[in-house]
Amino acid sequence: MKRIILSGGGTGGHIYPAVAVAEALKRRFGDGVEILFVGAEGKMEMEKVPALGYRIVGLPIAGLQRRLDWRNLAVPFKAVKSIRMAKRIIRDFGADAVVGFGGYASAPVLWAAQRMGVPTVIQEQNSYAGVTNKILAKGARRICTAYEGMERFFPAAKIVLTGNPLRGRFSKEGADRAEALEYYGLTPDLPVILVVGGSLGTRSLNEMMKAWIVGTDGKAPVQVIWQTGKYYEREMQAFLAAHPARHVWQGAFIDRMDYAYAAADLVVSRSGAGTVSELCLVAKPVLFVPSPNVAEDHQTKNARALETKGAAVVVPDAECRTKAMPRAVELLADRETLAAMSRNLEALARPDAAEDIVNEIVKVMK
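Since the structure is predicted, the reported quantities are computational estimates derived from the model, not experimental observations.

What counts, and at which threshold
- Residues numbered from 1 in each chain as written.
- Predicted model: local features only at pLDDT ≥ 70, side-chain atom pairs only at ≥ 80, totals over all residues.
- Heavy atoms only, no water.
- Axes fitted to C-alpha atoms, helices over the stretch in contact; angles between N-to-C directions.
- Helix = DSSP H or I, 4+ residues; strand = E, 2+ residues; numbered from the N terminus.
- Parallel < 35°, antiparallel > 145°, perpendicular 65-115°, else oblique.
- Left-handed = near helix turned anticlockwise from the far one by under 90°.
- Contact = heavy atoms within 4.5 Å.
- Nonpolar A, V, L, I, M, F, W, Y, C, P; charged D, E, K, R; others polar.
- Patch = residues over 30% accessible without salt bridge, like charges linked within 9 Å, V, L, I, M, F, W, Y side chains within 5 Å.
- Areas by Shrake-Rupley, 256 points an atom, 1.4 Å probe, with all protein chains shown as cover.
- Salt bridge = Lys/Arg side-chain N within 4 Å of Asp/Glu carboxyl O.
- Buried < 20%, exposed > 50% of the residue type's maximum accessible area, 1.4 Å probe, protein only.
- Core = buried A, V, L, I, M, F, W, Y, C linked by side-chain atoms within 4.5 Å.
- Pairing = 2+ DSSP bridges.

(A) A look at the packing of helix α7 (residues 203-215) against helix α12 (residues 320-332). Between α7 and α12, the shortest axis-to-axis distance is 8 Å and the interhelical angle comes to 70°. With respect to α12, the axis of α7 lies roughly perpendicular. Like other packed secondary-structure pairs, α7 and α12 cross with a definite hand, here right-handed. In contact with Arg 203, Ser 204, Glu 207, Met 208, Met 209, Ala 211 and Trp 212 of α7, α12 contributes Cys 320, Arg 321, Ala 324, Met 325 and Val 329. By residue class, the composition of the contact of α7 with α12 is 8 nonpolar, 1 polar and 3 charged.

(B) Structural detail: a nonpolar patch on the surface. Together, Tyr 16, Met 44 and Leu 52 make up a nonpolar patch on the protein surface, roughly 220 Å² of accessible area in all. You can see Leu 52 is positioned in the loop between α2 (45-51) and β3 (55-59). According to the relative accessible area criterion, Leu 52 is partly exposed, its value standing at 33%.

(C) Just unusual backbone geometry, in detail. Of note, the phi angle at His 247 is positive, near 65°, even though the residue is not glycine. Relative to the assigned elements, His 247 resides in the loop between α8 (233-242) and β10 (248-251). Residue classification places His 247 among the partly exposed positions, given a relative accessible area of 28%. Backbone geometry at Ala 283 places phi at a positive 55°, although glycine is not the residue there.

(D) Quick peek at the nonpolar core. By size, the foremost hydrophobic cluster in this structure holds 61 residues, and its most contacted members are Ile 5, Leu 194 and Leu 306. The element best represented in this core is helix α9 (residues 257-263), accounting for 6 residues. Met 209, Val 222, Ala 245 and Val 248 belong to the second largest nonpolar core, which has 31 residues in total.

(E) Quick look at the sheet that holds strand β9 (residues 223-227). A sheet is described by the order of its strands in space; here 6 strands give the open sequence β10-β9-β8-β11-β12-β13, paired in parallel fashion. Edge positions in the sheet fall to β10 and β13 (313-314), since each of these pairs with one other strand and no more. Note that strand β8 (residues 192-196) and β9 share 5 bridges and pair parallel. Residue pairing in the sheet places Val 192 in a bridge with Gln 223 of β9. Sheet contacts for α8: β9 and β10; angle to β10, the most-contacted strand, approximately 155°.

Put into structure tokens, the structure is as follows:
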């Protein structure tokens, strides 16, 4: 029986790659593997992971607030307690390997495992390495990355370029386009832009859509699948009631992402690591509006890494309200550029990332 601890959390960007690797481990070893997740108390992983059928233990670890905050005083005490708990969890579980996916939840577990001589693997999703992963890289046996050029952050001999592990089946073939258009109530006569703001939504992209709908008086030359996010749903529904827009489908969530990608000719999106990896697999041309509110501005670095390879167009968040949709409509008219972007994205795709990471875990356990 192989016993493996997977740790990371705080955001879906850290949780879902870990779950994708758990699924790949189950496919590989069936009942011959036991998996334990370790997360941070009170964070989304404590709810999401058990809902997917996996066992999770929470640590009291907390991250530093970026501004002056009294809660920062408790951080060192929580870290010490979390490391003590992590050592006990690793010992009681009998872990053969510990895999960290970033986020401060993974820090105490990786640190404890390295001190106990348990092999560790790090998976870095972004083109700019996170603080936790940079600190713990020295003691890791393998570092699985999604971008080239990560020797800036990690020892070159330990790096394996695997790509980001994704849940679900994304591919260029994808769903049937006619079915997808029918699902969203759209017509094959006009091109489609997919605007995605993440599960909670993105103020910038929603304000961008409002400005564009007002500017085109609801009679645009394209169709839009507009995912507003749960947080903004009521506000955007009220806006559309006051400003009816033909050819716009609006919803808080997109349940059938395969249909959304199949219908779209172009995607307007944030540039989190998971989204970037999905877009490479579906080879869908993209205009990125990176979020400026993330650690080390890693979304801009992710987006620019694709832009330099001719696989994306980038519009800064500060300019997106007025510039992103006109630029997107302009791009739709340029079939050659869209085709080149699609080819360049496909060249970056790594469909077997989860399986490749499992291969590395198996190697370090031997």
